[in-house]
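Fold and contact review
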Amino acid sequence: MRRAYFGLPAAGLLLAVVFAGPALADPPAPPPVSTARSELAALTVATPHSMNGYARDKFGIWASQPDGCTTRQEVLARDGKNVQDKPGSCQPASGSWYSVYDNTTVTDVTKATIDHMVPLAMAWISGADTWTADQRKAFGNDLKDPQLLIASESSNSSKGDSGPDGWKPANHGFWCTYAEDYTHVKSVWKLTTTAAEKSALSSMLDTCTN
């Protein structure tokens, strides 16, 4: 089993996972709610850009990391429980993965999808269409910020390319962290927002107790 080395445990998310499901996730920590509110207030409200030219492969997923494993394999190792790789490979052969979006645990690695907190299409219309190829690749494989997380196939499919004004996790206990993470990613990457998205994020931050 490889040891994860990206980021530190998110205190709020860690508690949510421990109480809500049997698996233990360890993604980068979200900011405190006070920071998230400041970041949200600072986001630029703008008309979404056109989808013209958009393609997922323009974000270079899933790129190789310094240890030779792909970004997807790194997230599976980082956020899984009892993960065992295939001999001589980065690819997990077994383990379990907790999908915090819908409070379910996946034990078939082929059904443990990796979701982009801010969808790639959403990033595109929020400013990523003007980025360089290297910037888009960095965003699509961002292990430093809370951008990549495990999601069940059904929750990933239901979310699709939607932002928080069009989709929210079925697990209401994750709404606070979801809003903190989503806002932080948009802030770090200097992506724009819309009035509807900003309102939805603000309402979800109201569910925070920290």
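Residues numbered from 1 in each chain as written. Predicted model: local features only at pLDDT ≥ 70, side-chain atom pairs only at ≥ 80, totals over all residues. Heavy atoms only, no water.

For the protein chain, the name recorded in an unreviewed UniProt entry is DUF1524 domain-containing protein, with Streptomyces broussonetiae as its organism.

Once their charged atoms are close, side chains differing in charge can pair, the charge on each being opposite to the other. On inspection of all chains with the given rule, the structure shows five salt bridges. When the shortest N-O distance is used, the salt bridge between R37 and D206 registers 3.0 Å. A residue pair is termed long-range when its members are at least 10 positions apart, and R37 in helix 2 (residues 33-42) and D206 in the segment after helix 8 (195-205) qualify at 169 residues. Since its relative accessible area comes to 35%, R37 is described here as partly exposed. (Salt bridge = Lys/Arg side-chain N within 4 Å of Asp/Glu carboxyl O. Helix = DSSP H or I, 4+ residues; strand = E, 2+ residues; numbered from the N terminus. Buried < 20%, exposed > 50% of the residue type's maximum accessible area, 1.4 Å probe, protein only.)

Summed over all chains, the structure comprises two disulfides. A sulfur-sulfur separation of 2.1 Å characterises the disulfide bridge that pairs C69 with C90. Of note, the bridge from C69 to C90 carries an S-S torsion of about -70° and is left-handed in sense. Here the residue C69 occupies a position in the loop between helix 2 and helix 3 (71-79), and C90 occupies one in the loop between strand 1 (80-85) and strand 2 (92-99), the gap between them amounting to 21 residues. The class for C69 is buried, based on a relative accessible area of 2%. C176 shares a disulfide with C208; S-S distance 2.0 Å. Across the S-S bond linking C176 and C208, the dihedral sits near 105°, which makes this disulfide right-handed. Of this pair, C176 sits in helix 7 (residues 175-188) while C208 sits in the segment after helix 8; the two residues are 32 residues apart in sequence, bridging distant segments of the chain. Each disulfide of the protein chain joins two cysteines, and with those cysteines numbered along the sequence the arrangement is 1-2, 3-4. (Disulfide = S-S within 2.5 Å.)

Turning to the nonpolar core, a few remarks are in order. Judged by nonpolar contacts, the single largest core of 36 residues is most densely connected at Y101, V118, F139 and Y178. If sequence neighbours within four positions are ignored, V118 has contacts with A123, F139, Q147, Y182, V185, K186 and L191. (Core = buried A, V, L, I, M, F, W, Y, C linked by side-chain atoms within 4.5 Å. Contact = heavy atoms within 4.5 Å.)

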